[in-house]
Amino acid sequence: MSGYVITYFPVRGRAEAMRLLLADQGAEWKEEVVSFQKWFAGEVDLKKTAVFGQLPQFKDGDFVLYQSNTILRYLGRKYDLYGSNIKESALIDMLNDGVEDLRQKYSGVVFYKREPGPEKYIEELSNHLGPFERLLSQNSKGSGFIAGNKISYADYSLLDVLQNHQHLASDCLKSFPFLSAYVEKMTSRPKLKTYLESDARKNCPIVPKDFK
Ligand SMILES: N[C@@H](CCC(=O)N[C@@H](CS)C(=O)NCC(=O)O)C(=O)O
């Protein structure tokens, strides 16, 4: 049993990609759930001690990390999901940064009520998804992963963001055959499928229940 602990709010959010990675790699972890109400009421000491005053926090035994993408890269190195040379690693980082940009656009519209608002965002979504579709189509005609032919930490990030978009607009991948096949391929990986079908995952929302 590993000593992994994820401390986060009761949502998928910025903890979900690391959960997908751990589940797919057959690792176990513990969840420490922090209530939004208590956090924003200043009742959680971790708000003061967290390096940037934010979650998720990830623990590997006594080793403590913050920043979701740093945590993914740490796990990427640990589970050999980070390419086999510095050029492959750089390409994986580049793609993960692209996923991060997409995550921020999505979060801006869904959580922070930023312009252009959900309807317009969905209308324009093909502009944002297009680069990922192109990358997959150019990579072994869709039989690879987002970078090369081996799964990398960036794949878990991409899957998470794509599933968030499918939740926002269920048919958003309809005109993207490579992305659709990619989601199918990722979600059929046996250990990942078990996690995706678990109660823990089903009961963990994308948007908090009482979010306005
Ligand atoms: N760059 C950070 C962003 C972390 C972040 O925005 N955390 C939010 C939840 S997703 C948070 O802790 N919000 C509460 C607060 O800012 O007090 C990461 O990727 O981990």
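Above this note sits the structure.
Within every chain, residues take consecutive numbers counted from 1 along the sequence as written. Where local features are concerned, this predicted model is filtered to residues with pLDDT of at least 70; where side-chain atom pairs are given and counted, the filter is 80 or more; whole-chain, interface and lining totals use all residues. Each side-chain value is derived from all of the structure's non-hydrogen atoms; neither hydrogens nor water enter the calculation.

S.K.: Explain the packing of aromatic side chains here, please?
M.R.: Geometry of an aromatic ring pair is reported as the spacing of the ring centres plus the angle between the planes. Here a Phe, Tyr or Trp ring, Trp counted by its six-membered ring, pairs with any other such ring whose centre lies within 6.5 Å, and the pair is stacked when the planes are under 30 degrees apart, edge-to-face when over 60, and tilted otherwise. Scanning the model with the defined rule gives 9 aromatic pairs in all. Note on Tyr4 and Phe58: the rings are 5.3 Å apart at their centroids and 40 degrees apart in plane angle, and the pair reads as tilted. Of this pair, Tyr4 sits in strand β1 (residues 4-8) while Phe58 sits in strand β3 (residues 57-60), and the two are 54 residues apart along the sequence. Categorising residues by exposure relies on relative accessible area from a 1.4 Å probe, with only protein chains included: less than 20% of the type maximum marks a residue as buried, more than 50% marks it as exposed, and the intermediate range marks it as partly exposed. With a relative accessible area of 3%, Tyr4 lands in the buried category. When the ring of Phe9 is compared with that of Trp39, the centres are 5.3 Å apart and the planes differ by 90 degrees; the resulting orientation is edge-to-face. Placement of Phe9 in the loop between β1 and α1 (16-24) and of Trp39 in helix α2 (residues 36-40) is noted, with a sequence separation of 30 residues between them. Of the residues examined, Trp39 reaches a relative accessible area of 4% and is grouped as buried. Here the aromatic cluster, defined as three or more aromatic residues joined through ring pairs, consists of Tyr8, Phe9, Phe36, Trp39 and Phe40. We count a charge as sitting over a ring when the NZ of a lysine or the CZ of an arginine lies within 6 Å of the ring centre and within 35 degrees of the ring normal. We note Lys185 situated over the ring of Phe145; from NZ or CZ to the ring centre the distance is 4.2 Å. Put simply, DSSP H or I for four residues or longer makes a helix, DSSP E for two residues or longer makes a strand, and each gets a number counted from the N terminus.

S.K.: I tried to follow the site of the ligand on my own but got confused; where do I start?
M.R.: Within the structure, the ligand sits among Tyr8, Phe9, Arg14, Trp39, Phe40, Lys47, Gly53, Gln54, Leu55, Pro56, Gln67 and Ser68. The separation between a nitrogen atom of the ligand and a polar side-chain atom of Gln67 is 2.6 Å. Under this definition, polar contacts are N or O atom pairs within 3.5 Å; protein pairs additionally need one hydrogen-donor-capable and one acceptor-capable atom, and for neighbouring residues in sequence, both atoms have to be side-chain atoms. In this structure, Ser68 approaches the ligand through a side-chain N or O atom, which is 2.6 Å from an oxygen atom. Contact with the protein chains covers 77% of the free accessible surface of the ligand, which is 510 Å². Residue composition of the shell around the ligand, by class: 6 nonpolar, 4 polar and 2 charged. Nearness here has a simple test: a residue counts as near a molecule or strand if at least one of its heavy atoms is within 4 Å of that partner. Here the accessible surface of atoms and residues is derived via Shrake-Rupley with a 1.4 Å probe, and residues count as covered only by protein chains that are part of the display. Under the scheme applied here, ten amino acids are nonpolar (Ala, Val, Leu, Ile, Met, Phe, Trp, Tyr, Cys and Pro), four are charged (Asp, Glu, Lys and Arg), and all others, including Gly, are polar.

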